[in-house]
Amino acid sequence: MTAATSPLWSNGSTAVIHTGTWRSATPTHNDLPSPCHQACPVGGQIARWIGQLRDGDVLGAWLTLVEHNPFPSVAGRICHHPCETACNREALDEAISICRLERAIGDRAIAEGWRYPEPTINRSQRIAVIGGGPAGLSVAYQLRRRGYGVTIFESQPALGGLLRYGIPPYRLADDVLDGEIARLLDLGIEARTGETIDADAFARLRAGYDAVYVATGAAKSKRLPSIDPARPWVIDSAAYLAETNAGGQPRTGHRVIVIGGGSAAMDVARTARRHGRDVTVLALEKETQMPAQREEVVEALEEGVQLVDGAMLQSVTEHDNGSLTLHCIRVDFVPGSMRGEFTIEPVAGSEFELSGDAVVPSIGQQADPAPFGGGDGPLLGVDDAFRTGLDNVWAGGDVASMERFVTAAIGMGKDAAEAIDRAMNPGTAAIVDAGDAVPYAAINTYYHPPLARTEAAVRPVAERVMGFDEVQLALDAEAALAEAGRCFSCGTCIYCDNCYLFCPDMAVSRLPDGYAIRTEYCKGCGLCVRECPTGAIQMRAGK
Amino acid sequence: MQKIDLVDRDLFNPGHAACPGCQESLALRAILNTIGPDAAAVFPPSCGAVICGPHPYSSLQIPVFQTSLESAAAAASGLRRALNQRGKHDTTVVCFAGDGGTYDIGFQALSSAVERNENILYVCFDNEGYMNTGAQKSSSTPLHASTASTPGGKPSKKKDIIGILAAHGIPYVATAATGHMNDLIAKVEKSLTIEGTRFLAVLVPCLDGWGLPDDSGVSVSRLAVDSGMWPLYEVEQGHRYTLNHDNKTRPVADYLSLQKRYRHLDETQLAEVQAAVDQDWAQLRRRAAESTEARASG
Ligand SMILES: Cc1cc2nc3c(=O)[nH]c(=O)nc-3n(C[C@H](O)[C@H](O)[C@H](O)COP(=O)(O)OP(=O)(O)OC[C@H]3O[C@@H](n4cnc5c(N)ncnc54)[C@H](O)[C@@H]3O)c2cc1C
Ligand SMILES: Cc1ncc(C[n+]2csc(CCOP(=O)(O)OP(=O)(O)O)c2C)c(N)n1
Ligand code: SF4
Ligand code: SF4
Ligand code: SF4
Ligand SMILES: [Mg+2]
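Here's what I pulled together on the structure shown here. As the structure is a computational prediction, the values presented were derived from the model and not from experiment. (Residues numbered from 1 in each chain as written. Chains lettered and ligands numbered in written order. Predicted model: local features only at pLDDT ≥ 70, side-chain atom pairs only at ≥ 80, totals over all residues. Heavy atoms only, no water.)

**Notes on the overall build of chain A**
Then, in step 1: Secondary structure assignment for chain A yields 18 helices and 19 strands.
Then, in step 2: Taking all 543 residues of chain A together, the buried fraction comes to 53%.
Then, in step 3: Looking at chain A alone, contacts between residues at least 24 apart form 71% of all its contacts between residues at least 6 apart.
Then, in step 4: Looking at chain A as shown, the accessible area adds up to about 23,200 Å², and 52% of this sits on carbon and sulfur atoms. (Helix = DSSP H or I, 4+ residues; strand = E, 2+ residues; numbered from the N terminus. Buried < 20%, exposed > 50% of the residue type's maximum accessible area, 1.4 Å probe, protein only. Contact = heavy atoms within 4.5 Å. Areas by Shrake-Rupley, 256 points an atom, 1.4 Å probe, with all protein chains shown as cover.)

**Focus on the site of ligand 1**
Residues and elements named next belong to chain A.
Then, in step 1: In the region of ligand 1, 34 residues are neighbours, and Glu154, Leu162, Arg171, Asp398 and Val406 sit closest.
Then, in step 2: Contact distances for ligand 1 include 3.2 Å between an oxygen atom and a backbone N or O atom of proline 134.
Then, in step 3: In this structure, glutamate 154 approaches ligand 1 through a side-chain N or O atom, which is 2.6 Å from an oxygen atom.
Then, in step 4: When ligand 1 sits alone it has 1,000 Å² of accessible area, and the protein chains cover 91% of it.
Then, in step 5: Mapped onto the shell around ligand 1, the elements with two or more residues apiece are helix H7 (134-145), strand S4 (149-154), helix H12 (263-274) and helix H14 (406-424).
Then, in step 6: Top element by residues in the shell around ligand 1 is H12. It accounts for 3 residues.
Then, in step 7: When we break the shell around ligand 1 down by domain, the ones giving at least three residues each are domain 3 (126-219 + 367-424) and domain 4 (224-361). (Near = heavy atom within 4 Å. Polar contact = N/O pair within 3.5 Å; in protein donor to acceptor, adjacent residues only side chain to side chain. Domains from an automatic or database assignment.)

**Describing the pattern of salt bridges**
Residue and element names in this part refer to chain A.
Then, in step 1: Scanning all chains against the criterion turns up 48 salt bridges over all chains.
Then, in step 2: Here glutamate 302 makes a salt bridge to arginine 464, at a shortest N to O gap of 2.7 Å. With glutamate 302 in helix H13 (residues 294-302) and arginine 464 in helix H15 (residues 461-464), this residue pair connects regions lying 162 residues apart in the sequence.
Then, in step 3: By relative accessible area, glutamate 302 is classed as partly exposed at 41%.
Then, in step 4: Taking the relative accessible area as the measure of exposure, arginine 464 reaches 2% and is therefore buried.
Then, in step 5: One network of salt bridges, with partners in common, ties together Arg270, Arg274, Glu299, Glu302, Glu303 and Arg464. (Salt bridge = Lys/Arg side-chain N within 4 Å of Asp/Glu carboxyl O.)

**Describing the coordination of the magnesium ion (ligand 6)**
All names here are of chain B.
Then, in step 1: Surrounding the magnesium ion (ligand 6) are the protein donor atoms Asp99 (OD), Asn127 (OD1) and Gly129 (O), which sit 1.9 to 2.1 Å from the metal.
Then, in step 2: Each donor residue of the magnesium ion (ligand 6) belongs to the same chain, with the gaps between them written as D-x27-N-x1-G. Within this pair, whereas aspartate 99 is found in the loop between strand S4 (92-98) and helix H4 (100-104), its partner glycine 129 is found in the loop between strand S5 (121-126) and helix H6 (161-167), the two being separated by 30 residues in sequence. In this structure, aspartate 99 and glycine 129 share a single accessibility class: buried. (Donors = N, O, S within 2.8 Å, 3.2 Å for Na, K, Ca; no water.)

So, in structure tokens, the structure goes:
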């Protein structure tokens, strides 16, 4: 106000008075990582893409997803979803169905034929990737997007690794996998299938390429000491699944005993059920300790798989008619500190017998790192940046880690691509960790009334065991939208204007792309922070 | 999530002297910006009169007349007539008074203005006491709340100002709270479409006077609503009741336990407050139901 001061009229504005001097703490707008993002093995900016989906921008949501993971449709079906375990909403009612939302977006992208943007630069450096499973495909994709020339060497006739030769189509349909792989190759990635890289070929690749990424997985089935793998009734689980996934029906006899408690054991058992076999799973773990995902176990039981848990095979007697007696004993299973480590204590006097015609040990896979400078160890050793001991050789996925999850392999591929990019072109900015995740306490739940989680439908059991159609069905667009609406958007500003409009001091200004604190007026009451529905604004001590 | 439906037109200036987190200034911001620039305000002594700004500064971008504590409604009546004389029938005349200046000291002026059906909007910022003079009790202070002048708790109930005004046959009377911004804004908008006296009581939790953290005003006002201590409703023509938040979901203890002014409450007193709230709530629901029936039968 510029008018002259009047003795009677107050025609100046209080805006000249700077109440900001009262303040001892200051609000700051700062997007923070959500706990789901922190837990996600690919670091997938979940709050952001769920927000885009909620706003009706499915293409935008997909573009955010594929920044980190070129396989949203695959991950949306078979990821072990640690994001949901970490989800803040669990503390209010139920975690967000993140995995199914990811699938909804991925499937929409396949249906619409969405393609990746062309790489904006082309670099002269060429990278060889050995192994076309999730780790190799992920690193290839991330490097190609960054402009590198990439060639994948894969010993099998088709790409996909265990996604194709391990995980059965009732959990991951072939067209989904094919769709996501084809789109990735369209970026200009060369795939040389049917080429196995041995130690000599490896040396040639090292000489011919600027960098090599080893992603050969862990294909060797672990041996069970109590049986001789050479007997005709012992069936290798990896070979079994590779054959059945390709449409074959291996001869097993009617009564199949599967040994193991992980995903592979469940997949063998459920596949055998689909071939009309009588199936028993023998697991060291108690049912709730089994490393397979809970829903796989539940679905296997629904499909008529019989479970003998907390028990161990000791020996097998072969009878003249070809049938087998399995001598077993009950055990106490105590998990160790590392995934895959455990101790067992047989329970004295608890011996029992099972009858069967075939045994499929599915107790885990071993890597073969020897041709790639790995020596005799079970894994190819890598540092934090996935660099092996050899110059310009990186590695990831099952060959380099005991994590043994698809998205872990994808995440390792992504991280290695960033590391390779920095090594090849040292100017590339390092990724900084954004700090602690937003805690539940930072979410104002008034803005998020309780609402049940939207569950996707499951195919009826009777239909399931008739064939290999997908068991888990998709959320329809409407259900996906409703589920996206439940997300707190932890740490991500949704431009709701609450901080701006709840300030009694007009101390938050709205800018074209966000908000700013007018520190000359902010009294530091904290109301803006308290009324933020997402935790995207925090109070910091001091002015 | 529903967004707040407010366009801020910069009609309330920063730099005012309200306490940090003040709910009265928050309500003032919403109301001024909803009414718009064609308005003139009357303030009797109160926190609001302090927030208006120390001479020669003002925090309001509309003209303000500060009057005495007894006379807000009378001054507004005069202002209304003066503006009408000058042909400014469309300019809104709005009173911003405290509960002391409304329920008690300014009551006769208000009652007679309503009786004459003066064309004014009267907003009572109800912080349940004489707050800017040191938190003494008013007749709006609720049962058992402690104040500077009732340190052991107030022995009598809060005066039912809405019922009293309804008995005048006032065209529009309503309650509102800062935690329900869109309801508050909608009520201001509705009041602007009505001729005659309109009265809006806005609950403004006083952080200092009630003993609350600076960031809690909005959430505490929601607890007041959810507990039934401050129901959101409106009465048209003195008899048509509408409940705007027909959902009493919490015991009063959830609301009271946060506030230092209720710290001394024993079980019996708490039960008394709960019983009184339950009774008032039942009566309000009955009236709202009767109004709905009356409307249905034409
Ligand atoms: C039956 C089964 C079910 C599973 N289910 C799940 C699940 O539901 N969810 C989950 O998260 N994880 C699951 N897993 C684990 C998951 O599949 C693996 O962790 C993941 O596939 C590892 O990816 P990768 O790229 O490292 O290896 P792989 O997927 O094994 O791919 C390695 C590729 O390298 C090729 N290759 C190997 N050696 C050479 C060579 N010398 N030259 C050229 N090519 C070579 C292989 O042919 C293969 O295609 C399952 C595993 C199994 C076995
Ligand atoms: C007749 C009269 N008595 C006392 C006062 C002193 N006084 C000024 S403001 C005030 C308190 C008003 O309380 P309220 O209307 O509830 O407003 P609040 O301060 O709570 O906002 C009092 C008692 C006065 N100005 N005039
Ligand atoms: S509520 Fe949303 S952003 Fe928050 S943890 Fe869950 S999925 Fe992530
Ligand atoms: S609500 Fe306003 S005054 Fe209070 S801390 Fe936030 S910006 Fe500052
Ligand atoms: S209150 Fe709304 S606009 Fe403000 S930071 Fe939080 S999410 Fe963003
Ligand atoms: Mg008062």
